[in-house]
Structure formats: structure tokens, C-alpha cells
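# Structural overview
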Amino acid sequence: MKLIVYLSLLPLILCSISNIRKNNYLSNDNGHDISNTSNRGKVSIIGAGFYGTQTAFRLAQYDIFHTIVLTDIIDGRSEGIALDLNHCSSLEGFNTNIIGITTENDKGYEKTADSDIIIITAGIPRKPGMSRSDLININTKIITNVVTNIIKYSPNAIIIVVSNPLDEMTALTQIVSKFPHNRVIGQAGVLDSSRMSYFVSKKLNVPVSKVVSLTLGSHGETMVPIISKCKVNGLPLRDLLNEMDIEEICNRTRDGGTEIVSLLKTGSAYFCPASAACKMAKAIMLDTKEILPCHTWVSGQYGLEGLYIGVEAEISRQGATVIESSLSSLELKHLKSSAEIIKSKQKSLLDILSLNNT
Ligand SMILES: NC(=O)c1ccc[n+]([C@@H]2O[C@H](COP(=O)([O-])OP(=O)(O)OC[C@H]3O[C@@H](n4cnc5c(N)ncnc54)[C@H](O)[C@@H]3O)[C@@H](O)[C@H]2O)c1
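Just so you know, these numbers come straight off a predicted model, no measurement behind them.

Time to look at the overall build of the chain. Helix and strand counts for the chain come out as eleven helices and 14 strands. Classification of the 358 residues of the chain by burial places 43% in the buried group. Contacts in the chain between residues far apart in sequence, at least 24 positions, make up 69% of those at least 6 positions apart.

Rendered as C-alpha cells:
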């Protein structure tokens, strides 16, 4: 009798097992529904150094892209890293396929074709004692070459620039690509704001999740921490810390990259920078319309005209749209001074470009 009952239940049990298997296959540990592959895009990461590699790994873990292409000029480097990352897929529970390619001058870019997003990390990083601006000549040549090639194959992509000096390299990418300004975005503010939140949380001994921070302006000496928007558990930072402590946090945030460069001695920060670029890529791909501080083209907002500068922007499948919000008069003054300096740097970039063309 028992046997008959078991046999009659067998089709049901088999069907349930098959459903469990199917569901396991169609979902992942990250909780994203990946059954609709048409929602998943393609991202190309140019430069498989510390920043590019960490970005590839993090984006693979998000599992929101069907393909990640990782490129470098060092023969075999991207291919080796891509294979290593693909080996992680069963452990990390992602279905993204990572492809590594070696590029040489204008060769090898075909596999980046039809990318939804391109993240440019190619270039050299700082060494101790160097400012971001010291990288300008070499990275201008690298970025010009990279952008000229990627746009041939992905004319509709949104480009996230991270290579330094960021203020100039973002402007350069738009000049070379001739893309609409909203489709070229620089990464700095997400990183700097995250650094600031960390320092605030340590100073007040509160969980970092309770802290909201915002930095605008340049990625460098003229970064503008927006204290009026910095909150801890919803309370203004100025109600919790004195001006000296706030100043100390702002300085450490502004010099956060330099502090890491001098500790590492070879190379610059890449974990938090990669997390920042990935947050932006995710917002684009999933069309979240999150408001993030990014290097975005301003045309009249805050009284600023015709430059890339760190401001808050809505990030979506359309790229970046500046969102102007109220600042204190002192913060606005600092933002305008930062803009003056960035504008002159972006102007001297044009001189470098015309020199390179002669
Ligand atoms: N925006 C930010 O917040 C931020 C933060 C950290 C680092 N960065 C910048 O990001 C860049 C990369 O940093 P990193 O630590 O990965 O440096 P890295 O030296 O580890 O990697 C750079 C890689 O770019 C490759 N490369 C050079 N020319 C190339 C080309 N034409 N095409 C493809 N790849 C090319 C190099 O071979 C190298 O593997 C640097 O300019 C650094 O200053 C920016």
C-alpha cells in the first residue's frame, strides 16, 4: 500500500526537484532575477590593472551583465585575469561571462562591440610624491588612443572615466568621442563621499550606514566637501562635531588618495575606487535614477558653464543629468573657485592636444 502511495507521488516529487533546479539556475546569491537575459547588458573595462581588475570582479559579482570585456595592452594579462575570474563563477554564483583581450594600437577592439557601458581605467597611476596632474601627458595619449578605438565599435555606449587626472581625462573623453555630454561621466564624487562617510563614522563611533556625505568639485586639491548635506542619523554634522574636527575630516578625505599612495608606494587605491565606478555602472544598467556625485557637464547650473565638474546627477540608461540642489553661500563660493581651476586645467588640455597633433 505504502509503495503505491510513494509511486503515485513520484511525478510530483520529480517535478518539484526540476523546479528547484530551474529556480536555482535562474536566480543567484545576489538576489537579481537573471531569467530575463535581455535585461542584461555588456560592459567593457579598458585597462586590466588594479582598478580594472577589481571593477571586473565586482561587476561579475553583481551579475547584471551578460558579458564583461576586459582589455589591456600587456599580452595575455586580460586573458589570464578573465579566465581566473570565470573560474570564480560557481563559487560566487554569477553567470556573467568575462572575456579578456589584448589590444595593440587600434587592433583588438572588435570584441568590445555594442557595449552598453565602457569604463576607462587605462593609464598610469600616481607614485609617491606625484600629484594627479603629473600624469597628464602620458594619460592624454593613452586615453585619446583608447577612446578613438572604442567609439568605432560602441557608438551608443555610456562612458565612465576613472583615469587620472580625472578633471581633464573626463573632458578629453568627450572631446575625442564627440558623444553627447550626458553619455560621458567621470568617477570621483562617489569615492570621495564614501571616504568622508568612513572618516565621520570613525570620529563619531557610529555605523557608517547612518552617515550621509557629499563632496563636489574637483577630484583633488579643490574638492568641495558639502558639510550642509552631511548627516548622521538624520542630524546635521555641525550639530555633532566642532569645526576643527570637521576640518580634519575634510582634509583627510581630500588627501585620502595621497595617503594610500604613500602607504602602497607602488600604485594607488583601487578597492573603493572600483566600488564607486561599479555603483555608477549598476545605476546605469538597472536604470535606477539614483542621484550620485559624478563629474558631469554643467551648462548653467550653480552659475557654472561649459565644464566637467563634480556635481550631483541622476544616473540612468540615459547617462547623467545634473540635479542642482541648494548649497550654503560658502559652499557655492568654493564650488565656483574649484570650477575656475578645473576650467583652466581643461583649457590647457586643449593646448596639449594641439601640441600632440603637430
Ligand atoms: N578617479 C578615481 O577616483 C581614481 C582612483 C584610483 C585610481 N585612478 C586612476 O585609474 C587609473 C588606473 O589605475 P590602476 O591602479 O589600475 O593602475 P595600473 O597601473 O594598475 O593599471 C593600468 C593598466 O592600464 C593598462 N594600459 C595602459 N595603456 C593602455 C591602453 N592603451 N589600453 C588598455 N590598457 C592600457 C596598463 O597596462 C595597466 O595594466 C590611473 O590613472 C589612476 O590614477 C582613478
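Moving on: the site of the ligand. Every one of the 36 residues lining the ligand counts as a neighbour, but Gly47, Gly49, Tyr51, Ala122 and Asn164 are closest to it. Residue assignment for the shell around the ligand shows that the elements contributing at least two residues are helix 2 (50-62), strand 2 (65-72) and helix 5 (136-153). With four residues, the single largest contributor to the shell around the ligand is helix 5. Class assignment of the residues belonging to the shell around the ligand gives a composition of 19 nonpolar, 15 polar and two charged. Both domains that furnish three or more residues to the shell around the ligand are identified here as domain 1 (41-186) and domain 2 (189-353).

The contact between helix 7 (residues 189-204) and helix 8 (residues 243-254) brings their axes to 9 Å, and the two run at 140 degrees. By the angle class used here, helix 7 and helix 8 are oblique. Here helix 7 runs over helix 8; the crossing is right-handed. Note on element contacts: helix 8 touches helix 7 through Asp245, Ile249, Arg252 and Thr253, opposite Asp192, Arg195, Met196, Phe199, Val200 and Lys203. Here the residues of the contact of helix 7 with helix 8 sort into four nonpolar, one polar and five charged.

Okay, the sheet that holds strand 7 (residues 211-212) next. Reading across from one edge, 7-10-11 is the order of the three strands in this open sheet, with antiparallel pairing throughout. A single partner strand is all that each edge strand has here, and the edge strands are strand 7 and strand 11 (235-236). With two bridges connecting them, strand 7 and strand 10 (residues 231-232) associate as antiparallel partners. Note on strand 10: the bridge partner recorded for Val211 is Val232.

This part is about the pairing of strand 1 (residues 41-46). Of all six residues in strand 1, five are buried; the element is thus mostly enclosed. With six bridges connecting them, strand 1 and strand 2 associate as parallel partners. Bridging from a neighbouring strand, Val43 pairs with Ile68 of strand 2. For the handedness criterion, the β-α-β arrangement of strand 1, helix 2 and strand 2 is classed as right-handed. Bridge count for strand 1 against strand 4 (residues 117-120) is four bridges, and the pairing is parallel. Looking across to strand 4, one finds that Val43 is bridged to Ile117.

The next point concerns unusual backbone geometry. Cis peptide bonds are those with omega within 30 degrees of zero, and the linkage from Asn164 to Pro165 qualifies with -5 degrees. Structurally, Pro165 can be placed in the loop between strand 5 (158-161) and helix 6 (166-177). Even without a glycine there, the phi angle at Asp114 is positive, about 60 degrees. Topologically, Asp114 is positioned in the loop between strand 3 (97-102) and strand 4. For Asp114, a count of 13 C-beta atoms within 10 Å translates into the label partly exposed.

Residues Ile68, Ile117, Ile119, Ile120, Ile160, Met280 and Ala281 are the most contacted members of the largest nonpolar core, which totals 85 residues. Broken down by element, the residue count for this core peaks at nine residues, all from helix 10 (residues 271-285). Mapping this core onto the domain boundaries places at least three of its residues in each of domain 1 (41-186) and domain 2 (189-353).

This part is about helix 8. In this model helix 8 runs 16 Å from its N-terminal to its C-terminal C-alpha over twelve residues, within 8% of the 16 Å that 1.5 Å per residue would give. Restricting attention to buried positions, one finds in helix 8 the residues Ile249, Thr253 and Arg254. When helix 8 is viewed along its axis, its buried side chains cluster within an angular range of 130 degrees and face the same direction. What points out from helix 8, more than 90 degrees from its buried face, is the exposed set Met244 and Asn251. Against the buried residues of helix 8 lie helix 7, strand 8 (215-217), strand 9 (223-225) and helix 9 (256-264).

Rules of the game
Residues numbered from 1 in each chain as written. Predicted model: local features only at pLDDT ≥ 70, side-chain atom pairs only at ≥ 80, totals over all residues. Helix = DSSP H or I, 4+ residues; strand = E, 2+ residues; numbered from the N terminus. Buried ≥ 20, exposed ≤ 12 C-beta atoms within 10 Å, placed from the backbone. Contact = placed C-beta atoms within 7 Å. Near = placed C-beta within 6 Å. Nonpolar A, V, L, I, M, F, W, Y, C, P; charged D, E, K, R; others polar. Domains from an automatic or database assignment. Axes fitted to C-alpha atoms, helices over the stretch in contact; angles between N-to-C directions. Parallel < 35°, antiparallel > 145°, perpendicular 65-115°, else oblique. Left-handed = near helix turned anticlockwise from the far one by under 90°. Pairing = 2+ DSSP bridges. Right-handed = clockwise from strand over helix to strand, strands pointing away. Core = buried A, V, L, I, M, F, W, Y, C linked by C-beta atoms within 7 Å. Expected span 1.5 Å × (residues − 1). Arc of directions from axis to C-beta.

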